[in-house]
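The lines below spell out each chain.
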Amino acid sequence: MPIQTINQLGTGGIIKDLPSVTLGTNIFTDGNNIRFDNNAIQTITGETIYPPSLAITPDFGIHWRRLDQGYNIFAKNGNIVRVDAAGNVSAMFTNGGGAYTNSVWDGCTFNGGYAIILNNGNSTPLYCLFGSNTAGSTFIELPNWNYVAGITVKAKIIRNLGYSLVACNLTLEQSGVTTYAPNTIRVSVQAAPGNIPTVWQPGTTTDTADEFELKSTSPILDAAELRGNLYVYSSDSISVVTIGQATTKVQQYATGYGILNTKCVVEFDSQHFVVDRNDIYTHSGSGGIKSIANFKVRDHFFNSINQAAIDKVYVVRNARNDEIWIHYPTGSSTTCNKIMIYQYRLDNWTFRDAPNTTSSFIGPSPESNSFLYGKETIYSTTGTTRVFIMDRGYQMWNGSALASYTSYVTREKLTSGDLEATSEIDGIFTVFDSVPNDSAINITVTGQNNYLAAPDFSNADGRDLFVFQPNEPRSAGYKVNPRVTGRLINYKISSTGYWRLALLGISPKIADRR
């Protein structure tokens, strides 16, 4: 039979939920540390260690692009530090009080970069304001936050919407009595340019300060802006908050859809990407909620998460590569050791290892004592003194050092089209258009007759491993000849070095017919 060239090699991605025998030839059944892009499959980039020496062990970070310069801000419990482009570290907040023990930090920038807001859900939110004599380089509490004497208010999340701040899921404490208000939303007045809101109490001005209850059967978990509105997510509903000249409008957007936990929503292309408790979906703010993981990787994802640590799942957008990364813990891990990646231009999925991250944020690349704002990168904290710059270089953290790593892609249970006959693969033709000069790539091909058996790529009998050398000018440089037979054929391509596969061809035939 003639060689079957697999077209659109880089568009199919990985599908784990459907039966392998039903998939097209350009769809793969497993893979790790690879990227589908530019109509090819390639090794995904790794990570490097962010150079500054931090005296704290941050589990949260955010970039603050101030009007004069930028800072990476890192937080751990009652300690917050900033790092400038040259790597100089300065303390911005120190408090050993009980309200900052076991903090779960979150934050946002505000008013065009004039201010940054941090909140740990267990104390009054903090702010830092460019040009302020008292809060220019030090975090202090938001003014007039506790506007009723004797009542202390805490918020699970706080977000910016236009020139106002919006706090959600409140807890009120008075004289030792705690009152939970999980569906309460608090809106500040609008801040003047270059400032922060100073009034939260409704009715004291004609501006937007307001406080109201959301109609939801579960607590508010997060909120994110889209098209000038704030979309508020609980675990099973979505509502929309709109701030007008002097009024706030609230309406329900959807029920049955929600969010898994805080930090599981991100904006891309005027849409929201959301991980909820049952699905992964997108919406544009005007209806049309679309599942993007169903029949692909949804079942695999929810079966892989450590259910005891679902509050550790979070998402971040890698705009440079048109990707959204879902960081999640697997096995017994309580930090994120895996990333499932959605390529939103191609609508496909892949996977990579993660260095036990606790949070990630987008910031400019630090190079030659400068922040390059035209070159975005991903910073990831780990709850240790190590902060990683992700998607850079070709080493990954192995638990003790940066080292080379294995990347692979697998196709299982491929048939010739005749389910009764035994197939034979007598040639696999690979075109690697970008590899190091000393590249050696393992190609494993196996056959099996039992449809229920899992493919075996180990050292068991019947394994056929070829060490493929793309730069070898003889036959080893363009094909392997496995001559493997079975009703089902499986192959795996792997290497510990960089590779990019641009073209793949298979030469199949029906073995028991002449």
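As a reminder, the structure under discussion sits directly above these lines.
Note that the structure is predicted; figures quoted are calculated from it, not measured.

About the cut-offs
- Residues numbered from 1 in each chain as written.
- Predicted model: local features only at pLDDT ≥ 70, side-chain atom pairs only at ≥ 80, totals over all residues.
- Heavy atoms only, no water.
- Core = buried A, V, L, I, M, F, W, Y, C linked by side-chain atoms within 4.5 Å.
- Buried < 20%, exposed > 50% of the residue type's maximum accessible area, 1.4 Å probe, protein only.
- Contact = heavy atoms within 4.5 Å.
- Salt bridge = Lys/Arg side-chain N within 4 Å of Asp/Glu carboxyl O.
- Helix = DSSP H or I, 4+ residues; strand = E, 2+ residues; numbered from the N terminus.
- 1 Å grid on protein atoms, 1.4 Å probe; cavity = no way out; pocket = protein on both sides within 12 Å on 5 of 7 lines; lining within 4 Å.
- Points joined across faces, edges and corners; volume = space filled by probe spheres on them.
- Nonpolar A, V, L, I, M, F, W, Y, C, P; charged D, E, K, R; others polar.
- Pairing = 2+ DSSP bridges.
- Axes fitted to C-alpha atoms, helices over the stretch in contact; angles between N-to-C directions.
- Polar contact = N/O pair within 3.5 Å; in protein donor to acceptor, adjacent residues only side chain to side chain.

1. Section: the nonpolar core
Then comes step 1: Core analysis: the largest hydrophobic core is formed by 63 residues, its most contacted members being F273, I280, F301, I326, W349, Y491 and W499.
Then comes step 2: Not counting residues within four places of it along the chain, the set of residues in contact with F301 comprises V275, I280, V313, I326, Y328 and M340.
Then comes step 3: The next biggest cluster of nonpolar side chains, apart from the first, holds 20 residues, and it includes C108, A135, L142 and A191.

2. Some thoughts on the pattern of salt bridges
Then comes step 1: Here the structure, examined in full by the defined rule, presents 20 salt bridges.
Then comes step 2: In this structure, D433 engages R500 in a salt bridge whose closest nitrogen and oxygen atoms are separated by 2.7 Å. With D433 in strand β36 (residues 423-434) and R500 in strand β42 (residues 500-510), the pair connects residues that are 67 residues apart, well separated along the chain.
Then comes step 3: Relative accessible area serves as the criterion here: at 22%, R500 is assigned to the partly exposed category.
Then comes step 4: Via salt bridges that share partners, D269, R317, D322 and R345 belong to a single interconnected network.

3. A short note on the layout of surface pockets
Then comes step 1: The volume enclosed by the largest pocket comes to roughly 1,200 Å³.
Then comes step 2: What lines the largest pocket is a set of 33 residues, among which I62, G107, V266, F361 and I362 lie closest to the centre.
Then comes step 3: Elements represented by at least two residues in the lining of the largest pocket include exactly β6 (60-65), β10 (106-110), β14 (152-161), β18 (220-226), β22 (265-268), β26 (314-318), β30 (359-367) and β31 (370-381).
Then comes step 4: For the lining of the largest pocket, the element with the most residues is β30, which contributes 6 residues.
Then comes step 5: Here the lining of the largest pocket is composed, by residue class, of 15 nonpolar, 9 polar and 9 charged.
Then comes step 6: Reported here for the second largest pocket is a volume of approximately 850 Å³.
Then comes step 7: For the second largest pocket, the lining is made up of 36 residues, of which S103, V104, W105, D311 and K312 are closest to its centre.
Then comes step 8: Among the elements of the structure, β14, β15 (164-174) and β16 (177-187) are those that each provide at least two residues to the lining of the second largest pocket.
Then comes step 9: Residues that form the lining of the second largest pocket fall into these classes: 14 nonpolar, 15 polar and 7 charged.

4. A few points about the sheet that holds strand β19 (residues 229-234)
Then comes step 1: Strand order across the open sheet formed by 4 strands is β18-β19-β20-β21, with antiparallel pairing between neighbours. Each edge of the open sheet carries a strand with a single partner, namely β18 and β21 (248-255). Within this sheet the neighbouring strands show an average axis-to-axis angle of 25°, counted without direction.
Then comes step 2: Here 7 bridges tie strand β20 (residues 237-243) to β21, and the two strands are oriented antiparallel to one another. Across the sheet, S239 pairs through a bridge with Q252, a residue of β21.

5. Some points on the side chain of N261
Then comes step 1: When you line up the elements, N261 lands in the loop between β21 and β22.
Then comes step 2: Separated by 3.0 Å, the side chain of N261 and the backbone oxygen of V313 make a polar contact.

6. Digging into the environment of N33
Then comes step 1: Take N33: it is sitting in the loop between β2 (30-32) and β3 (34-37).
Then comes step 2: Sequence separation of N33 and M396 is 363 residues, and the distance between their C-alpha atoms is 10.0 Å.
Then comes step 3: In contact with N33, not counting residues within four places along its chain, are Q42, T43, I44, F351, R352, D353, M396, Y405, T406 and S407.

7. Focus: the sheet that holds strand β8 (residues 79-83)
Then comes step 1: Spatially, the 4 strands line up as an open sheet ordered β6-β7-β8-β9, and their pairing is antiparallel. Two strands close off the open sheet at either side, each with one partner strand: β6 and β9 (89-94). This sheet shows a mean twist of 25° between the axes of neighbouring strands, independent of strand direction.
Then comes step 2: Sheet topology note: the β8/β9 ladder contains 5 bridges and is antiparallel. Bridging across to β9, R82 finds its partner in S90.

8. Quick look at the pairing of β15
Then comes step 1: Across the 11 residues that make up β15, a large majority, 8, are buried.
Then comes step 2: Two successive antiparallel strands, β14 and β15, enclose a turn made up of 2 residues, where G162 displays a positive phi of approximately 65°.
Then comes step 3: Where β15 lies against β16, 8 bridges are found, and the strand directions are antiparallel. Counterpart to C168 in the pairing with β16 is I185.

9. Some remarks on the pairing of strand β24 (residues 280-283)
Then comes step 1: Judged by which residues are buried, β24 turns out to be covered on both faces: I280 and T282 on one side and Y281 and H283 on the other are all buried.
Then comes step 2: In this sheet, β24 lies alongside strand β23 (residues 271-275) in antiparallel orientation, the contact comprising 4 bridges. Bridging from a neighbouring strand, F273 pairs with T282 of β24.
Then comes step 3: As consecutive antiparallel partners, β23 and β24 are separated by 4 residues.
Then comes step 4: Alignment of β24 against strand β25 (residues 290-291), held across 2 bridges, turns out to be antiparallel. Its bridge partner being in β25, T282 is matched across the sheet by K290.
Then comes step 5: Adjacent in sequence and paired antiparallel, β24 and β25 are bridged by 6 residues, among which G285 carries a positive phi angle near 90°.

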